Amino acid sequence: LVMHADHPLAGAQRLRFADALDWDYVGLPVNSAVQSLMVRAAAEMGRHLQYRMIVTDFEAALRVVRTRLAISVIPVEIAMPRAQAYGLRVVPLDEPWAQREFAICFRGLTAVTPAAQLLLDHLRH
């Protein structure tokens, strides 16, 4: 969860999603994975997200958060490198759905092109 450093939730070490549902959000397009997870989690609690605006990408969402207009759920790998420069606070969500794992699937090493092999090597390290 990303918010401006002076937001009332910014002092928390971890947050439950339910504790952040009373605030306005900047959202991403409806078909994005993060957006789908958030909408589903809110619905399971019988709640909905309040959107201040919808933007096209994470960078735009961070710029909105920077202006103190809303908070957002953004992957830590994207938010952390910009947090200090933007005056933001990144607070981990204490939710099972907030921890995502990624997998790379392919037919087998003999079927991988040299370019794909380079990508696999890079991602393994």
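Residues numbered from 1 in each chain as written. Predicted model: local features only at pLDDT ≥ 70, side-chain atom pairs only at ≥ 80, totals over all residues. Heavy atoms only, no water.

Caption draft 1: Examining the packing of aromatic side chains more closely. Under the defined criterion, the tally for this structure stands at two aromatic pairs. Between Phe17 and Trp97 the ring centres are 5.2 Å apart and the planes differ by 85°, which places this aromatic pair in the edge-to-face class. Residue Phe17 is found in the loop between β1 (2–4) and β2 (24–27), and its partner Trp97 is found in the loop between β4 (88–90) and α4 (114–124); the two are separated by 80 residues along the sequence. A residue is classified by how much of its surface remains accessible, and Phe17, at 0% relative accessible area, is buried. Here the basic side chain of Arg66 rests over the ring of Tyr86, its NZ or CZ set 4.5 Å away from the ring centre. (Phe/Tyr/Trp six-rings, centres within 6.5 Å; stacked < 30°, edge-to-face > 60°. Helix = DSSP H or I, 4+ residues; strand = E, 2+ residues; numbered from the N terminus. Buried < 20%, exposed > 50% of the residue type's maximum accessible area, 1.4 Å probe, protein only. Lys NZ or Arg CZ within 6 Å of the ring centre and 35° of its normal.)

Caption draft 2: Highlighting the pattern of salt bridges. Using the criterion set out here, one finds seven salt bridges in the structure. In this structure, Asp6 and Arg68 form a salt bridge, with 3.0 Å as the shortest nitrogen-oxygen distance. In this pair, Asp6 is assigned in the loop between β1 and β2 and Arg68 in the loop between α2 (58–66) and α3 (76–86), connecting sequence segments 62 residues apart. Here Arg16 ties to Glu95 by a salt bridge, and the two come within 3.2 Å at their closest N and O atoms. Residue Arg16 is found in the loop between β1 and β2, and its partner Glu95 is found in the loop between β4 and α4; the two are separated by 79 residues along the sequence. (Salt bridge = Lys/Arg side-chain N within 4 Å of Asp/Glu carboxyl O.)

Caption draft 3: Structural detail: the side chain of Ser32. Position of Ser32 relative to the elements: it lies in the loop between β2 and α1 (33–44). A polar side-chain atom of Ser32 sits 3.3 Å from the main-chain amide nitrogen of Gln35. (Polar contact = N/O pair within 3.5 Å; in protein donor to acceptor, adjacent residues only side chain to side chain.)

Caption draft 4: Layout of the nonpolar core. Residues Leu1, Met3, Phe17, Tyr25, Met38 and Val73 are the most contacted members of the largest nonpolar core, which totals 20 residues. If one sorts the elements of this core by residue count, α1 sits on top with four residues. Ranked by size, the runner-up nonpolar core spans 16 residues in total, among them Ala60, Leu62, Val65 and Ala70. (Core = buried A, V, L, I, M, F, W, Y, C linked by side-chain atoms within 4.5 Å.)

Caption draft 5: Expanded view of α2. What α2 keeps buried is the set Ala60, Ala61, Leu62, Val64 and Val65. If you follow the buried residues of α2, they end up packed against β1, β2, β3 (50–54), α3 and β4. For α2, the side-chain oxygen to backbone nitrogen distance between the N-cap and Glu59 is 3.3 Å, and the N-cap itself is Asp57. (Contact = heavy atoms within 4.5 Å.)

Caption draft 6: Fine view of the environment of Val112. Mapped onto the fold, Val112 is located in the loop between β4 and α4. In sequence terms Val112 and Pro92 are 20 residues apart; their C-alpha atoms lie 37 Å from each other. Apart from the residues lying within four places of it in its own chain, the contact partners of Val112 are Phe106, Gln117 and Leu120.

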